[in-house]
Each structure stands twice: as C-alpha cells, then as structure tokens.
Amino acid sequence: MKSLVTGAGGFIGGHLVAKLVSEGHEVRAVDCKPIEEWYQVHDGAENVQGDCSLLETAQQVTRGMQHVYNLAADMGGMGFIENNKAACMLTVLTSTHMLVAARDQGVERFFYSSSACVYAAEHQTTSNVTALKEEDAYPAQPEDGYGWEKLFTERMCRHFQEDYGLQTRVARFHNVYGPEGTWEGGREKAPAALCRKFATASLTGDPDLEIWGDGEQTRSFMYIDDCVRGILEIMNGDSAEPVNLGSAELVSINQMADVLEQISGTVVNRQYKLDAPQGVRGRNSDNTLFRSIYGWEPSISLREGLERTYEWILGEIKTQRGLVDATPGA
C-alpha cells in the first residue's frame, strides 16, 4: 500500500507514519516544517518538506499514492486556537487542495482528521456534560475559527465522495495526548502543559503551579496509541460518516492534576488563572456509533497514558536543562 501522510512532522502524524511503516506500507511523509524540526523522522519513509496549502505541492506529493491521511493543520491547544482564529481557518487551503489533488491523482481513500471542536456550543455548557453524539454537530455552532474550518472540510469530504467518487473517511478527534508531542511554546494541550508544569515543580521544588480556569472544566482525553488504531480502522472500514474518535472517560482538569500529583510525587499549590482561555465548559465522546461499527473503543486509561507522557516530558526537560538522572535504568 502506498500511503501519504500530511502533517507527518507533527505529533499524531509522526506516530501514524511509524505504524504504517511497521505494517509494510510505502509511506511518503510530508510536512511544511524543515525536516530537522519534525517530532519524529522515520528512515523507512520518504520524508518530504512541502507546503500542501499550495495546490502544486499537493498534486506533487499525492501523485502515485493510494491512501491519503490528511492530518496537516495549523492548530494547537486552547491558548493557540483562541488567539489565532484566522490562521486556523487558513488551513482550509490545505484541506481543499489535498482533496482536489486526491481526486485528480486517482487516490483510492482519503482520511481527514476533524475535531470535537465541530460540536455545537449549546451542548457543552456544563462540566457534567452529556456525551456528544455525531448528530450534535448540527444545527452548526462549532468552535469559532478552528471548529468552523473542520466542519467545512467535513462537508467537502462528503461532497467529494458524492460528486467525484473519492472514498472519504472522517474522524472527530477528542484531545489526543502522549509522548513525542508539543509540550511547550504555546501550542501544547492541557495534558502536556500540566505534565510540564508538574515535572518542572518536581525538579525545582517550586510548589506554585498555574491552572487555567477553575479546573472544573471537563474533557475526554485519548492516548495516542488508541488514536492511531482508530485512524487505521476508520480508514479501512466501510463507513463514510464522520465518527467520534475519543475516550469516553470524562475528566476535569483538577482530576488530571490529582493524577499527576500521584505520578510525580509532588504536591503543588494550585494557582487558578480565571481569565485564561478555557473553551467550552464540558465535552465528552459518545462512542455508541464507533462501537457499533468497529467493535471496540479507546480504552487506555488516563492514569496509564499520563504516566508514559509525564516520564517522556520529564526526560525532555532534564535534557533541555542539562541534568543527569542518576536513577538506574533512566
């Protein structure tokens, strides 16, 4: 199988390329960042720097491919998408040009990574939120900027299948986290940000730790291994309808902090920044449709996923600071 992954220099893209290569795919990995800035570079893939928001580039990298996984997007955590709405919406150039190129180049299947940010805000106003079903995306009231681009491209995928026969598959990601992802710089999401803060507190002994909002906002958090498995099952399945891909474990930010206190062995003094970007009050994934189609659902617990993520971020911070860990096996 000849497979193209756009956004391959990013967090999810890097893990997906690794999985496809391990399964014997001939993989072309593309990202607009210089290759030396990719989170993961796999020798078994053809690694290409290219800006797929340009139609010419999209056509070039798609040529000869059977499957396209379009993960390329200008995005980040809530702090980024709240303050960069135009930049997020400009991703529509990449999404549209990749669909056009896939059609023109005779691609067999096209996977699009959408987001739970497409869901109407009126369904996400309380912490103890009712899990979101796929039909809750309409009437449309998605996250401003980022969510609108995602919902628009979902419709594009649908119409490219109806009008041109391109087999499209759409997954609505719910907060993916894990090692080899963004953990500093402003684009990181809540799990990575909190892991960094707890690791820093552990290393410095400074107990003051900032939490955005009051910590009672809730989300669904999915570990990267579950995400990659879900992507492949959705791509190879028979359903073209957008489907949730997320954990059904509803977690508040305070609960995540509780878990990280246990993992890090560090008790902190929580400083709540009430004027920080928070997004919707609550969001969770209803996996009824996903289970009915694929017979399983993301199941790696938050505790297990955070243990792996925390240890990786702790190691990154130690390396950054030139610290030597004397722990055997570290």
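See the structure shown above.
Predicted, not measured: the structure shown is a model, and the values here were computed from it.

J.: I tried to follow the overall build of the chain on my own but got confused; where do I start?
T.: When you go through the chain residue by residue, the secondary structure sums to 11 helices and 13 strands. Relative to the globule expectation of 20 Å for 330 residues, the C-alpha radius of gyration of the chain, 19 Å, shows essentially globular dimensions. Across the 330 residues that make up the chain, the buried fraction comes to 55%. Of all intrachain contacts in the chain linking residues separated by at least 6 positions in sequence, the fraction that spans at least 24 positions is 79%. Each charge class in the chain was averaged separately, 29 positive and 47 negative side chains, and the resulting centres sit 2 Å apart.

J.: Whenever I open this one, the side chain of Thr168 confuses me. Can you help?
T.: Inspection of the secondary structure puts Thr168 in strand E6 (residues 167–173). By relative accessible area, Thr168 is classed as buried at 1%. Residues within four places of Thr168 in sequence aside, it is in contact with Leu99, Phe110, Cys157, Arg158, Gln161 and Ala240.

J.: Any chance you could explain the sheet that holds strand E4 (residues 67–70) here in plain terms?
T.: For sheets, the rule is that strands pair by backbone hydrogen bonds, running either parallel or antiparallel. Spatially, the 7 strands line up as an open sheet ordered E3-E2-E1-E4-E5-E6-E11, and their pairing is parallel. Pairing within the sheet leaves two strands with one partner each, and these edge strands are strand E3 (46–49) and strand E11 (243–245). Across the sheet, the mean angle from the axis of one strand to that of its neighbour is 20°, orientation sign disregarded. The sheet contact formed by strand E1 (residues 2–6) and E4 spans 4 bridges and is parallel. Bridged to Ser3 within E4 is His67. Helix H6 (residues 146–164) contacts strand E5 (109–115) and E6 of the sheet and is inclined by roughly 155° relative to E5.

J.: I tried to follow the environment of Thr130 on my own but got confused; where do I start?
T.: With respect to the secondary-structure elements, Thr130 resides in the loop between E5 and H6. Residue Thr130 is classed as exposed on the basis of its relative accessible area of 65%. Sequence spacing of Thr130 and Gly282 is 152 residues, and the spatial spacing of their C-alpha atoms is 8.6 Å.

J.: Explanation requested: the packing of helix H2 (residues 55–62) against helix H5 (residues 91–104) in the structure shown.
T.: Angle between the axes and distance between the axes are the two parameters that describe a pair of packed helices. Their axes nearest at 8 Å, the elements H2 and H5 cross at an angle of 45°. The orientation of H2 with respect to H5, classified from their angle, is oblique. You can see that H2 and H5 cross each other, and the crossing is right-handed. Counting all contacts with H2, which are made through Leu55, Ala58, Gln59 and Thr62, the residues of H5 involved are His97, Met98, Val100, Ala101, Ala102 and Asp104.

J.: Explanation requested: the pairing of E6 in the structure shown.
T.: Regular strands place side chains that alternate from one sheet face to the opposite one. Of all 7 residues making up E6, 6 are buried, and the element is well covered by its neighbours. Strand direction decides the pairing type here: E5 and E6, joined by 7 bridges, are parallel. Residue pairing in the sheet places Ser115 in a bridge with Phe173 of E6. Sheet topology places E6 next to E11; 3 bridges connect them, and they run parallel. Opposite Ala171, over in E11, you have Val243 as the bridge partner.

J.: Please explain unusual backbone geometry as it appears in this structure.
T.: The linkage connecting Tyr138 with the following residue, Pro139, adopts the cis geometry, with an omega of -5°. Mapped onto the fold, Pro139 is located in the loop between E5 and H6. In the Ramachandran plot, Asn175 falls in the positive-phi region, its phi being about 40° despite a non-glycine side chain. The topology assignment puts Asn175 in the loop between E6 and strand E7 (176–177).

J.: Please explain the pattern of salt bridges as it appears in this structure.
T.: Should the charged atoms of two oppositely charged side chains come close, the side chains can pair. Tallied over the full model, the rule gives 18 salt bridges. Here Asp104 and Arg103 are joined by a salt bridge, their closest N and O atoms 2.9 Å apart. On the accessibility criterion, Asp104 (40% relative accessible area) is partly exposed. One continuous salt-bridge network, built from bridges that share partners, spans Asp225, Glu304 and Arg308.

J.: Is there a simple way to explain helix H8 (residues 224–236) in this structure?
T.: Turn by turn, an α-helix covers 3.6 residues, leaving residues three or four places apart pointing in a common direction. Under the 1.5 Å per step criterion, the end-to-end length of H8 is 19 Å for 13 residues, consistent within 8% with the ideal 18 Å. Considered for burial, the residues of H8 that qualify are Ile224, Asp226, Cys227, Val228, Gly230, Ile231, Leu232, Ile234 and Met235.

J.: When you look at the pairing of E4 in this model, what are you seeing that I'm missing?
T.: With burial as the criterion, each face of E4 is covered, one bearing His67 and Tyr69 and the other bearing Val68 and Asn70. With 4 bridges joining them, E4 and E5 adopt parallel strand pairing. Paired with His67 across the two strands is Arg109, which belongs to E5.

J.: Mind showing me how you'd approach the packing of aromatic side chains here?
T.: Note on aromatic pairs: each is described by the distance of the centres and the angle between the planes. As enumerated under the stated definition, the model contains 6 aromatic pairs in all. Between Tyr177 and Tyr223, the ring centres sit 5.6 Å apart and the planes meet at 70°, which makes this aromatic pair edge-to-face. With a gap of 46 residues between them, Tyr177 in strand E7 and Tyr223 in strand E10 (residues 222–223) connect regions that are remote in the sequence. On the basis of relative accessible area, Tyr177 is assigned to the buried category, the value being 3%.

What counts and what doesn't
- Residues numbered from 1 in each chain as written.
- Predicted model: local features only at pLDDT ≥ 70, side-chain atom pairs only at ≥ 80, totals over all residues.
- Heavy atoms only, no water.
- Helix = DSSP H or I, 4+ residues; strand = E, 2+ residues; numbered from the N terminus.
- Rg over C-alpha atoms; globule rule 2.2 N^0.38 Å.
- Buried < 20%, exposed > 50% of the residue type's maximum accessible area, 1.4 Å probe, protein only.
- Contact = heavy atoms within 4.5 Å.
- Lys, Arg positive; Asp, Glu negative; His and termini not counted.
- Charge placed at Lys NZ, Arg CZ, Asp CG, Glu CD.
- Pairing = 2+ DSSP bridges.
- Axes fitted to C-alpha atoms, helices over the stretch in contact; angles between N-to-C directions.
- Parallel < 35°, antiparallel > 145°, perpendicular 65-115°, else oblique.
- Left-handed = near helix turned anticlockwise from the far one by under 90°.
- Salt bridge = Lys/Arg side-chain N within 4 Å of Asp/Glu carboxyl O.
- Expected span 1.5 Å × (residues − 1).
- Phe/Tyr/Trp six-rings, centres within 6.5 Å; stacked < 30°, edge-to-face > 60°.

By themselves, these observations are geometric and do not establish any function.
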